[in-house]
Amino acid sequence: MINQLNDRYAIDGQLKFIDGTTEFPPDRIISVPEEVEGFPIIQIENNFAKATIALYGGHVLSFQPMTEAEDLLFLSESARIQAGKGLRGGIPVCWPWFGPHPEDSTLPSHGFVRNRFWSVLSTGTTPGGETQIQLGLTDTPETRELWPHAWELVIDIVVGDTLTVGLITRNQGNEPFTITQALHTYFQVGNIDGVRILGLDRTEYIDKVEGGVQKSQAGVVEIDSEVDRIYMNVPPKLAIDDSTWKRQIQILSKGSSSAVVWNPWSEKAAKFADLSDDDYLRFVCVETTNAGPDQIEVFPGHEYRLESKIRN
Ligand SMILES: O=P(O)(O)OC[C@H]1O[C@@H](O)[C@H](O)[C@@H](O)[C@@H]1O
């Protein structure tokens with residue numbers, strides 16, 4: 001499988017496929033999903049940055065511009081490969097619903113594409129020397145049991161000094177459908193104590209920690225306890241200011257008017273098997289979403305693109 005992928009899609013000196021099971025310590029490989037041999041991970045290194053992407057979940061795992069000492073993305077040391085489960089960190093794709101299913105709590109949280117194998121549609125180099133990868137996923141009889149629609153998803157990733165991730169939803173059926181979704185980015189930080197999220201002053205948010213009450217943000221967002229919020233009518237540009245590592249990460253979104261900020265803090269983090277107890281100090285999720293009242297209707301034959309650009 002890895003050899004075939006390399007024969008078809010590798011780019012000399014820039015992109016290759018590796019067996020992901022060799023990248024994870026054996027005690028963190030709980031069960032390798034059966035659909036595809038090995039656990040293919042795309043490894044990219046070009047003039048601008050290094051990145052890795054798992055075919056499982058269409059999941060960007062790491063992105064480090066050449067100018068940066070530390071990865072912009074957080075991947076837990078306790079993240080594990082487990083069939084049916086997503087990986088903790090990077091950029092999981094939540095689709096076609098964000099969070100719990102609105103009517104049926106037995107359905108998986110954050111939808112069902114973060115734990116499926118995506119196929120490679122294309123790899124290439126842009127005229128400016130960035131690396132572009134497109135992965136795809138379509139409905140099957142099994143997904144139609146979970147969500148009765150015909151669809152095609154494409155994740156369009158460009159690795160340069162900026163990481164661009166576009167998630168394209170195509171409606172291949174005869175009826176409109178409505179989605180919520182997220183590029184659920186885990187940003188790595190030096191220490192959560194020194195983190196300020198900029199750009200959300202005076203926006204309204206739904207506070208999930210306090211049972212969904214609506215509040216208004218005053219000033220920058222600082223995190224010193226569990227935070228789980230859906231911000232609404234957000235501007236397209238947010239930033240994470242990290243005083244410990246003295247860097248600022250810019251997040252530019254398109255096709256999204258909401259953003260989710262999440263940190264489980266100590267007590268909740270300790271309950272996650274795939275998070276180390278003190279991992280909550282090392283990341284904050286600032287997610288580019290269509291969530292809460294920000295819902296998207298996609299008409300037959302039409303497509304919708306949600307996009308997040310990340311850079312330092
Ligand atoms: O554990 P999961 O399913 O990856 O979700 C992690 C978190 O994801 C966030 O987006 C949600 O707002 C949180 O409520 C949730 O706990």
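The model shown is predicted, which means the values in this text are computed figures rather than measured ones.

## Observations concerning the sheet that holds strand β10 (residues 151-159)
- A sheet is described by the order of its strands in space; here eight strands give the open sequence β8-β9-β10-β11-β24-β20-β19-β15, paired in antiparallel fashion. Here the strands that pair on one side only, and so sit at the sheet edges, are β8 (119-125) and β15 (195-198). Averaged over all adjacent pairs, the angle separating strand axes in this sheet is 15 degrees, with direction ignored.
- Here nine bridges tie β10 to strand β11 (residues 163-171), and the two strands are oriented antiparallel to one another. Looking at the pairing, Glu152 lines up with Arg170 of β11.

## Overview of the site of the ligand
- As a matter of local geometry, the ligand sits amid Arg88, Phe98, Ser109, His110, Arg114, His184, Lys208, Asp228, Val260, Trp262, Phe272 and Glu287.
- Measuring from an oxygen atom of the ligand, one finds a side-chain N or O atom of Arg88 at 2.9 Å.
- The separation between an oxygen atom of the ligand and a polar side-chain atom of His184 is 2.8 Å.
- In the complex, the protein chains occlude 81% of the 390 Å² of accessible area that the ligand would expose alone.
- Looking at the shell around the ligand residue by residue, the class counts come to four nonpolar, three polar and five charged.

## Comments concerning helix α1 (residues 2-9)
- Buried within α1 we find Ile2, Leu5 and Tyr9. Angularly, the buried residues of α1 cover 65 degrees about the axis, an arc narrow enough to put them on a single face. Facing away from the buried side of α1 by more than 90 degrees, the exposed set consists of Asn3, Gln4, Asp7 and Arg8.
- The inward-facing, buried residues of α1 contact β1 (15-19), β3 (40-45) and β8.

## Details of the pairing of strand β9 (residues 131-138)
- One ladder, built from six bridges, connects β8 with β9; its direction is antiparallel. Each bridged residue has a counterpart across the sheet, and for Val120 the counterpart in β9 is Leu135.
- Remark: five residues form the turn of the hairpin made by β8 and β9, two consecutive strands paired antiparallel; Gly129 in that turn has positive phi of roughly 90 degrees.
- Both β9 and β10 contribute to a ladder of eight bridges, which runs antiparallel. Residue pairing in the sheet places Thr138 in a bridge with Glu152 of β10.

Basis of the calculations
Residues numbered from 1 in each chain as written. Predicted model: local features only at pLDDT ≥ 70, side-chain atom pairs only at ≥ 80, totals over all residues. Heavy atoms only, no water. Pairing = 2+ DSSP bridges. Helix = DSSP H or I, 4+ residues; strand = E, 2+ residues; numbered from the N terminus. Axes fitted to C-alpha atoms, helices over the stretch in contact; angles between N-to-C directions. Near = heavy atom within 4 Å. Polar contact = N/O pair within 3.5 Å; in protein donor to acceptor, adjacent residues only side chain to side chain. Areas by Shrake-Rupley, 256 points an atom, 1.4 Å probe, with all protein chains shown as cover. Nonpolar A, V, L, I, M, F, W, Y, C, P; charged D, E, K, R; others polar. Buried < 20%, exposed > 50% of the residue type's maximum accessible area, 1.4 Å probe, protein only. Arc of directions from axis to C-beta. Contact = heavy atoms within 4.5 Å.

In short, shape yes, function no, at least from these values alone.
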